[in-house]
Amino acid sequence: MTNIIPPISGTDQYRVVGQGIARLDAYEKVTGKATYTTDITLPGMLFAKILRSPHPHARIININTARAEALPGVKAVLTYQNTPRVKFNAAATSTYTIPPLEAVKDQYLFDAVVRYAGDEVAAVAAINEEIARAALDLIEVEYEILPAVFDPLQALKPEAPAIHTHCTQKNVVGESLQFGLGDIEVGLAKAEVIVEATYKLPVQKQGQLETQAAVAALTGDGKLTIWSTTQTPHPTRRIIAEIFNLPLNKVRVLNPPYVGGAFGVRIGLSAKAEPIAAALALATGRPVKVVYGRWEDFIASDTRHAGYITVKLGLSKDGTFQALVMQAIMNGGAYCSWSADVPGAIGSRGLTIYRVPHSKFAGYSVYTNTSPAGACRGFGAPQPTFAVEMTVAKAAAQLGIDPVELRLKNIIKPGDSWVAPFPCLSSGLEECLTRGAAKIGWHRRKELEQFNAGSERYKRGLGVAVGNHISSAFPFQTDYSNVYLSLQPDGTIQLASGVVEMGTGTKTTLAQIAAEVLEVEVEAIAVSLADTEIVPYDVGSQASRSSYAAGLATLQAAKDLKEQILAYISAKWQLAREKLAWQKGAVFSRDDPGKRLTLKEVAADADFHNRQFATVGKNASQNALSWHAHFAEVEVDTQTGAIKVIRLVAAHDMGKAINPAIVTGQIQGGAVMGLGYTLSEEIIYDPDGRQLQDSYHKYMLPMAPDVPEIETIIVEAGEPTGPFGARGVGENAVAPVAPAIASAVWQATGIWFTELPLTPERVFRGLKRK
């Protein structure tokens, strides 16, 4: 049942919520005082290095570690021969999956078969990094080279090698997925115009600043403590406990306290940094630190799913959508990670933008001998948003209908039927479209056509795209939060949550929610995050859920704490509860305003009477989609194929901006990531299965000169299920950038591009073909 959250008061004019206050972690970070996993140093700590396979698919025939073990300073060498033979999934999906579905567990800590160039073969712990690195060169490995395959379409062919033996359908990860609405054949029969295309999507890397890292140490009571870069401390603890057959109370996982960016790459383990550090700590009895190099992070941690999506859209001649068919075949890489989950995310994003009476999605992921694909900011959204929005753009051109008007005619409205297993209760997408169009100057499209007719080399265009994103993982996976809140003896507030501060402003946002309810300054709230020893269980920071899900738990906890305090004062003063009022962190009598106690006075009084005020806010999450419309103006150099994005307008409805400054930062940061996905970012493999892009130098992330003017528009339609009306925003801005730019490129050049990224070479070839 959908839980509607009543407003705190009858107005949306709040004291703290909606204010762009400075982030609570800002001072530590700008002064360099903030600590990350890579900063952790412990007495007697050893340093670990990992030997990785040079082959994309091979069987280890023989491995000899004797010379490495004999090297002075080496304390342990681990391989598949002396580590647990427990299958696991490094992604947190293994702890989220809801029965009757089963998580796909297809990894060992080390295995006798390596399945991509970069797969783990052995690990060494030594007294310093130089010795550990030298020891790797002394490990002798004999491989039997096995056939390899790198493209999902090729991996489905009968002659392709079987990468895993557990698949019910050759090389298909998990099960294929199908869902939709109505009768697709009826919808296609009703359609007067059908537009169809297949789109090829690239591998994108998260490119976060802090590489994968973990430090593991044993305490005297046998507890295994792990400092790590994970986004999900509690699920990560469960995975570690499973691998090493330990009870949960003997495993502690925490951030120290910050994570240097993530973008989805560590929802669960940080690649395998945590279990490798743990295994070496258990083997040596000493603390062990694992820090991936940048090249290692590139080749041996999850990427965004590449693949192929085919879209068929059926419309009436007046532009009414009648049918929408999507098929997705995604490249899962060597291990499952999130690949069993991504088809559902792709289908859900593709089929919930527009009101279509007849729709169908079918999709699956495929094993290949490439780096595993997993979660990346906007999980399951950039791929279908590009495919669907480009198809809608083509339909508008074919019918001669303005692209904005066609979208306004067909977008989902609250109360419409859709494929999502939760209701659409609010949407500001219409406002996003109209305000964004006005901001970009959409009326100038005719002027640009005249400009293009008179310009021989440079051509300009305007484009638009819309989309949505979830605010939690429910009901597709388990998703719940618990937030601890207590009044301290001096009247300040302690807040503890299992979500992570990885640069998204979560620490500040949760404090603002609590401060608004309790009517105190944000500085009065001390926030502790992401330590399984001291914070209640939470599924962690992913699915744009922190403000929505943990925010709801914070809201509930703050309201309960407030009621506890009011009940205490009611008894103390012998006044009925309704005779008490709460204002600016103080309780007073409505009949006698001079009868007043501040929170500091209440706390002192309660402390004297052996009373503490503490509570746990519990939220079994719901879900809500956030909405967005992006507009792009581009200039194409027809002699070089280079695309210059002149302006980008990003209009977003996240229900309510708890902190507009943080929201704006998230939108702009996501848009830049979308810009890279559109124009330059791509990992490709050579014929031997090795990544050609394994560093910032080789991987074309957008640089400051590449970033255009980004104008953000915050739309606040209000979400009845969210804290103060808020929904998620962190991942939203990535997806609509590519189709907005690509449709602008079409206006400039007359070419529909169906493959990303739109590199100068790709655009130049398209211009030559035309």
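Please refer to the structure higher up on the page.
Residues numbered from 1 in each chain as written. Predicted model: local features only at pLDDT ≥ 70, side-chain atom pairs only at ≥ 80, totals over all residues. Heavy atoms only, no water.

Let us now look at the overall build of the protein. The helix and strand tally for the protein stands at 20 helices and 26 strands. Relative to the 2.2 N^0.38 estimate, which gives 27 Å for 770 residues, the radius of gyration of the protein is 27 Å and therefore close to what a compact globule would have. Its C-alpha atoms give the protein principal-axis dimensions of about 85 × 75 × 50 Å. Classification of the 770 residues of the protein by burial places 62% in the buried group. Of the contacts formed within the protein by residues at least 6 apart in sequence, a portion of 81% connects residues at least 24 apart. On the protein, roughly 27900 Å² of surface is accessible, and the fraction owed to carbon and sulfur atoms is 52%. Taking the average location of the 73 positive side-chain charges in the protein and that of its 76 negative ones, the two points are 1 Å from each other. (Helix = DSSP H or I, 4+ residues; strand = E, 2+ residues; numbered from the N terminus. Rg over C-alpha atoms; globule rule 2.2 N^0.38 Å. Buried < 20%, exposed > 50% of the residue type's maximum accessible area, 1.4 Å probe, protein only. Contact = heavy atoms within 4.5 Å. Areas by Shrake-Rupley, 256 points an atom, 1.4 Å probe, with all protein chains shown as cover. Lys, Arg positive; Asp, Glu negative; His and termini not counted. Charge placed at Lys NZ, Arg CZ, Asp CG, Glu CD.)

Overall, antiparallel pairing links the three strands, which are arranged 20-21-22 in an open sheet. Both outer strands of the open sheet, strand 20 (580-583) and strand 22 (596-598), are each paired with one neighbouring strand and no more. Between one strand axis and the next, the sheet turns by 20° as a mean value, whatever way the strands run. Of the strand pairs in this sheet, strand 21 (residues 586-589) and strand 22 are connected by three bridges, and their pairing is antiparallel. The residue of strand 22 that forms the bridge with Ala-586 is Thr-598. Against the sheet, helix 16 (residues 546-573) makes contact with strand 20, strand 21 and strand 22, and its axis sits at roughly 135° relative to strand 20, the strand it touches most. (Pairing = 2+ DSSP bridges. Axes fitted to C-alpha atoms, helices over the stretch in contact; angles between N-to-C directions.)

Turning our attention to helix 18 (residues 660-679). The end-to-end C-alpha distance of helix 18 is 28 Å, a good match for the 28 Å that 20 residues give at a rise of 1.5 Å each. Looking at where helix 18 begins, the residue whose side-chain oxygen comes 3.1 Å from the main-chain nitrogen of Ala-661 is Asn-659. (Expected span 1.5 Å × (residues − 1). Polar contact = N/O pair within 3.5 Å; in protein donor to acceptor, adjacent residues only side chain to side chain.)

Take the environment of Glu-405 next. Relative to the assigned elements, Glu-405 resides in helix 12 (residues 403-410). Classification of Glu-405 as partly exposed rests on a relative accessible area of 46%. When the C-alpha positions of Glu-405 and Gly-750 are compared, they lie 20 Å apart, and in sequence the two are 345 residues distant.

So, on to the packing of aromatic side chains. Each aromatic ring pair is specified by the distance between its two centres and by the angle formed by the two planes. The final tally for this structure, using the stated rule, is 16 aromatic pairs. Between Tyr-568 and Phe-613 the ring centres are 5.3 Å apart and the planes differ by 75°, which places this aromatic pair in the edge-to-face class. Remark: Phe-613 occurs in the loop between helix 17 (599-608) and strand 23 (614-620) and Tyr-568 occurs in helix 16; sequence separation between them is 45 residues. For Phe-613, a relative accessible area of 2% translates into the label buried. By the ring-pair criterion, three or more aromatic residues cluster together here, those being Tyr-96, Trp-338 and Phe-379. It is Lys-272 that lies over the ring of Tyr-335; its NZ or CZ is 6.0 Å from the centre. (Phe/Tyr/Trp six-rings, centres within 6.5 Å; stacked < 30°, edge-to-face > 60°. Lys NZ or Arg CZ within 6 Å of the ring centre and 35° of its normal.)

Within the largest apolar cluster, 102 residues are counted, with the highest numbers of intra-cluster contacts made by Ile-309, Tyr-354, Leu-433, Phe-631, Ile-643, Ile-741 and Leu-758. The dominant element in this core, judged by the number of residues it contributes, is helix 19 (residues 737-749), at eight residues. Filtering out sequence-adjacent residues up to four positions away, Ile-643 remains in contact with Val-634, Glu-635, Val-636, Leu-679, Val-745, Leu-758 and Val-763. If you look at the next biggest cluster of nonpolar residues, it comprises 54 residues, including Ala-122, Ala-123, Ala-126 and Ala-277. (Core = buried A, V, L, I, M, F, W, Y, C linked by side-chain atoms within 4.5 Å.)

Bringing the packing of helix 11 (residues 382-399) against helix 12 into the picture now. At a minimum axis distance of 9 Å, the contact between helix 11 and helix 12 shows a crossing angle of 115°. Judged by the inter-axis angle, helix 11 sits roughly perpendicular to helix 12. Helix 11 and helix 12 meet at a crossing whose hand is right-handed. Taking contact as the criterion, the partners of Glu-389, Val-392, Ala-393, Ala-395 and Ala-396 in helix 11 are, on helix 12, Pro-403, Leu-406 and Arg-407. Residues belonging to the contact of helix 11 with helix 12 are distributed by class as follows: six nonpolar, no polar and two charged. (Parallel < 35°, antiparallel > 145°, perpendicular 65-115°, else oblique. Left-handed = near helix turned anticlockwise from the far one by under 90°. Nonpolar A, V, L, I, M, F, W, Y, C, P; charged D, E, K, R; others polar.)

This paragraph deals with the pairing of strand 2 (residues 58-64). Consecutive side chains of a regular strand alternate in pointing toward one face of the sheet and then the other. Relative to strand 4 (residues 113-114), strand 2 is paired through two bridges, and the arrangement is antiparallel. Paired with Ala-58 across the two strands is Val-114, which belongs to strand 4.

Turning our eyes to something else, we now look at the side chain of Ser-481. With respect to the secondary-structure elements, Ser-481 resides in strand 17 (residues 480-487). Within the structure, the side chain of Ser-481 is placed 2.6 Å from the side chain of Asp-538, a separation counted as a polar contact. When neighbours within four sequence positions are excluded, Ser-481 is seen to be in contact with Tyr-537, Asp-538, Arg-545, Ala-549, Ala-550, Ala-553, Gly-617, Lys-618 and Asn-619.

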